[in-house]
Amino acid sequence: MNDTPIKNPLHPVSLRMTFEEKANLELAAASMSLSSYIRWRIFDPASPPPKRRGIKPIKDHAALARVLALLGQTRIANNLNQLAKAVNSGSLPVTPETEAALRQATHDIAELRRLLLEALQIEATP
């Protein structure tokens, strides 16, 4: 077990405000976390603002969790693998319509991945 003390531990501070005050504070903070914004405005307003969160922060974590859970339950990867095997073995006739549908599915999956990474504020890796 590491008994090294933490440098500069952060201590929580509570602040009560009206609904309107909090709404104005969130508006002023824009995409910054409220704690970062308050700390910056109180202790160092002359410096540039601290690093901001992503341009489109996640608004509904529960909805995102449901989407990810549903994706985890699908058999997309397995189904695509079976289609690829069928094409390679010649048991799936590849008509122009089939090819177009597969290309569209591939595009849709790539777009879904891009949107999820954006929502999670994760940088895509090649």
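Rules used in this analysis
- Residues numbered from 1 in each chain as written.
- Predicted model: local features only at pLDDT ≥ 70, side-chain atom pairs only at ≥ 80, totals over all residues.
- Heavy atoms only, no water.
- Helix = DSSP H or I, 4+ residues; strand = E, 2+ residues; numbered from the N terminus.
- Buried < 20%, exposed > 50% of the residue type's maximum accessible area, 1.4 Å probe, protein only.
- Contact = heavy atoms within 4.5 Å.
- Areas by Shrake-Rupley, 256 points an atom, 1.4 Å probe, with all protein chains shown as cover.
- Patch = residues over 30% accessible without salt bridge, like charges linked within 9 Å, V, L, I, M, F, W, Y side chains within 5 Å.
- Salt bridge = Lys/Arg side-chain N within 4 Å of Asp/Glu carboxyl O.
- Phe/Tyr/Trp six-rings, centres within 6.5 Å; stacked < 30°, edge-to-face > 60°.
- Lys NZ or Arg CZ within 6 Å of the ring centre and 35° of its normal.
- Axes fitted to C-alpha atoms, helices over the stretch in contact; angles between N-to-C directions.
- Left-handed = near helix turned anticlockwise from the far one by under 90°.
- Nonpolar A, V, L, I, M, F, W, Y, C, P; charged D, E, K, R; others polar.
- pLDDT = per-residue confidence, 0-100.
- Arc of directions from axis to C-beta.

### What about the overall build of the protein chain?
Scanning the protein chain from terminus to terminus reveals five helices and zero strands. Buried residues in the protein chain amount to 9% of all 126 residues. A separation of at least 24 residues holds for 34% of the contacts in the protein chain among residues at least 6 apart in sequence. Here the protein chain displays about 10,900 Å² of accessible surface, and carbon together with sulfur accounts for 61% of that area.

### What about a nonpolar patch on the surface?
Taken together, the side chains of I76, L80, L83 and I109 present a nonpolar region at the surface, about 260 Å² in accessible area. Examining the composition of the nonpolar patch, we find that three residues originate from one element, helix α4 (residues 76-89), more than from any other. Tracing the backbone shows L83 in helix α4.

### Some remarks on the packing of aromatic side chains
For the structure shown, the criterion picks out one aromatic pair. Here R41 stacks its cationic end above the ring of W40, 5.5 Å away from the centre of that ring.

### Regarding the packing of helix α3 (residues 61-73) against helix α5 (residues 96-119)
Between α3 and α5, the least distance of the axes is 12 Å, while the angle of their chain directions is 140 degrees. Note on packing geometry: the crossing formed by α3 with α5 is left-handed. Each of L64, V67, L68 and L71 in α3 lies in contact with α5, whose residues at this interface are L112, L116 and A119. For the contact of α3 with α5, the class distribution of residues is seven nonpolar, no polar and no charged.

### What about the confidence of the model for the protein chain?
Put simply, the protein chain has an average pLDDT of 79, and 85% of its residues get 70 or more. For the protein chain, α3 is the element with the lowest average pLDDT, namely 75, and helix α2 (residues 34-43) is the one with the highest, namely 88.

### Structural notes on the pattern of salt bridges
Applying the stated criterion to the full structure yields two salt bridges. Here E26 ties to K22 by a salt bridge, and the two come within 3.7 Å at their closest N and O atoms. With E26 and K22 both in helix α1 (residues 19-29), this residue pair falls four residues apart, about one helical turn. Exposure remark for E26: the relative accessible area of 38% places this residue in the partly exposed category.

### Topic: α2
Every buried residue of α2 is accounted for by S36, Y37 and W40. The buried residues of α2 occupy an angular sector of 100 degrees when projected down its axis, which confines them to one face. For α2, exposure combined with an orientation more than 90 degrees from the buried face picks out I42 and F43. In this structure, the buried residues of α2 make contact with α1.

### Structural notes on the environment of L120
As for its position among the elements, L120 is in the segment after α5. Owing to a relative accessible area of 32%, L120 belongs among the partly exposed residues under this scheme. Sequence separation between L120 and H61 is 59 residues, and the spatial gap between their C-alpha atoms is 9.4 Å.

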